[in-house]
Amino acid sequence: MSDSLERLYLAVLAARDLDPATSRTARLFQRGPSKMAKKLAEEAIEVVIDAVNGDSEAVIRESADLLYNLTVLWASAGVRPEDVWREMTRREELLGIAEKLPKSPMKLPKVASPRMASRRPIVALEGRAARKRH
Ligand SMILES: N=c1c2ncn([C@@H]3O[C@H](COP(=O)(O)OP(=O)(O)OP(=O)(O)O)[C@@H](O)[C@H]3O)c2ncn1[C@@H]1O[C@H](COP(=O)(O)O)[C@@H](O)[C@H]1O
């Protein structure tokens, strides 16, 4: 799926400077981020409605529209697909670690900044004094 999204993202970038009269993507860029956000929200609602109605074929169609509008908003925001894949991988690895940690009420810290991403989460270890950070 990421290949399809990456190809779509490149097509969206290529269409950005086309004639808005003939290119929906160019028209969305001409109208700006708020219009892109409105269209993305509309598509998300359409996916929700079709899913609640049990119309899986419509969910498929609207999901493709949703992903298209998402790649347009990414392009407008300067976000690349690989930026999102990197964050998903980070979470997968973090949750993988979390699965091995003892069950504790302490929530794993959300990464506040890329600098934080390189630091190991501070967790309380059962049966051993937690090492204090200095
Ligand atoms: N993948 C898509 C794509 N998916 C959905 N859409 C458009 O997004 C609309 C979403 O459906 P809606 O019902 O919400 O929109 P609508 O009701 O038809 O019209 P509006 O309400 O938005 O005015 C669809 O009608 C499609 O026209 C897309 N438009 C373009 N692409 C791709 O984007 C690239 C650039 O294409 P152009 O924008 O045509 O240059 C190409 O690779 C295209 O294949």
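Here the structure is a predicted model, which is why all the values come from computation and not from measurement.

**What about the overall build of the protein?**
When helices and strands are tallied, the protein shows 6 helices and 0 strands. For the protein, the N- to C-terminal ordering of α and β elements is α-α-α-α-α-α. Expressed as a percentage of its 134 residues, the buried residues of the protein come to 13%.

**Let's talk about the confidence of the model for the protein**
Residues at a pLDDT of 70 or more form 75% of the protein, whose mean pLDDT is 85. Note on residues 122–134: pLDDT under 50 across the span, and 11 contacts to partners over four residues away in sequence or across chains. In the model output, the complex is listed with pTM 0.77 alongside ipTM 0.89.

**Observations regarding the site of the ligand**
Taken together, 13 residues lie near the ligand, and Ala-11, Ala-15, Ser-23, Thr-25 and Tyr-68 sit nearest. When contributions to the shell around the ligand are tallied by element, the ones reaching two or more residues are helix H1 (2–15), helix H2 (24–31), helix H3 (33–52) and helix H4 (56–77). The leading source of residues in the shell around the ligand is H1, at 4 residues. Here the shell around the ligand is built from residues that sort into 7 nonpolar, 2 polar and 4 charged.

**Quick notes on the environment of Tyr-9**
Note on placement: Tyr-9 falls in helix H1. Separated by 59 residues in the primary sequence, Tyr-9 and Tyr-68 have C-alpha atoms spaced 8.2 Å apart. Excluding residues within four positions of it along the chain, Tyr-9 makes contact with Thr-71, Trp-74, Ala-75 and Pro-81.

**A closer look at the nonpolar core**
One finds Tyr-9, Val-12, Leu-28, Phe-29, Met-36, Leu-40, Val-47, Leu-66, Tyr-68, Leu-70, Val-72 and Ala-75 forming the largest nonpolar core, which totals 12 residues. Contributing elements (two or more residues each) for this core: H1, H2, H3 and H4. Among the elements that take part in this core, H4 stands out by supplying 5 residues, more than any other.

**Remarks on the packing of H1 against H4**
In contact at an axis separation of 9 Å, H1 and H4 are set at 55° when each is read in the N-to-C sense. Relative to H4, the element H1 is oriented oblique. Read as a crossing pair, H1 and H4 show a hand that is right-handed. Mapping the contact onto sequence places Leu-5, Leu-8, Tyr-9, Val-12 and Leu-13 in H1 and Leu-67, Tyr-68, Thr-71, Val-72, Trp-74 and Ala-75 in H4.

**Points about H3**
For H3, which comprises 20 residues, the first-to-last C-alpha distance of 28 Å matches the rise-based estimate of 28 Å (1.5 Å per residue) to within 8%. The complete set of buried residues in H3 reads Met-36, Lys-39, Leu-40 and Val-47. Taken around the axis of H3, the buried residues stretch over an arc of 100°, which confines them to a single face. Residues of H3 that are exposed and angled more than 90 degrees away from the buried face: Ser-34, Ala-41, Ile-45, Val-48 and Val-52. Residues of H3 that are buried sit in contact with H2 and H4. In the stretch just after H3, Gly-54 is the one whose phi turns positive, near 70°.

**Things to note about the environment of Thr-25**
As for its placement among the helices and strands, Thr-25 is situated in helix H2. Taking C-alpha positions, Thr-25 is 35 Å from Glu-93, a pair spaced 68 residues apart along the chain.

Each value, and the rule that gives it
- Starting afresh in each chain, residues are numbered from 1 along the sequence in its written order.
- Local features in a predicted model are, by the rule used here, given only for residues with pLDDT of at least 70; side-chain atom pairs are given and counted only at 80 or more, and totals for whole chains, interfaces and linings are based on all residues.
- Each helix is a run of DSSP H or I of at least 4 residues and each strand a run of E of at least 2, with the numbering of both proceeding from the N terminus.
- We call a residue exposed when 12 or fewer other C-beta atoms sit within 10 Å of its C-beta, buried when the count reaches 20 or more, and partly exposed for counts in between; the C-beta positions come from the backbone.
- Values of pLDDT, which run from 0 to 100, indicate the predictor's confidence residue by residue.
- Working definition of a contact: two residues with C-beta atoms, positioned from the backbone, lying within 7 Å.
- Each residue gets a C-beta atom placed from its backbone. Should that atom fall within 6 Å of a molecule or strand, the residue is termed near it.
- Charged residues are taken to be Asp, Glu, Lys and Arg, nonpolar residues to be Ala, Val, Leu, Ile, Met, Phe, Trp, Tyr, Cys and Pro, and polar residues to be all remaining types, Gly included.
- Structurally, a nonpolar core is described as a collection of buried Ala, Val, Leu, Ile, Met, Phe, Trp, Tyr and Cys residues joined by way of C-beta atoms within 7 Å.
- An axis is simply a line fitted to the C-alpha atoms; with a helix, the fit covers only the stretch in contact. Between two such axes, the angle follows the N-to-C directions and lies from 0 to 180 degrees.
- Angular relationships are summarised with four words: roughly parallel below 35 degrees, roughly antiparallel beyond 145, roughly perpendicular across 65 to 115, and oblique for the angles in between.
- Crossings are classed by handedness, with left-handed meaning an anticlockwise turn of the near helix from the far one by less than a right angle and right-handed meaning a clockwise turn.
- The length a helix should cover is 1.5 Å for every residue beyond the first.
- Note that the arc is defined by the directions from the helix axis to the C-beta atoms.

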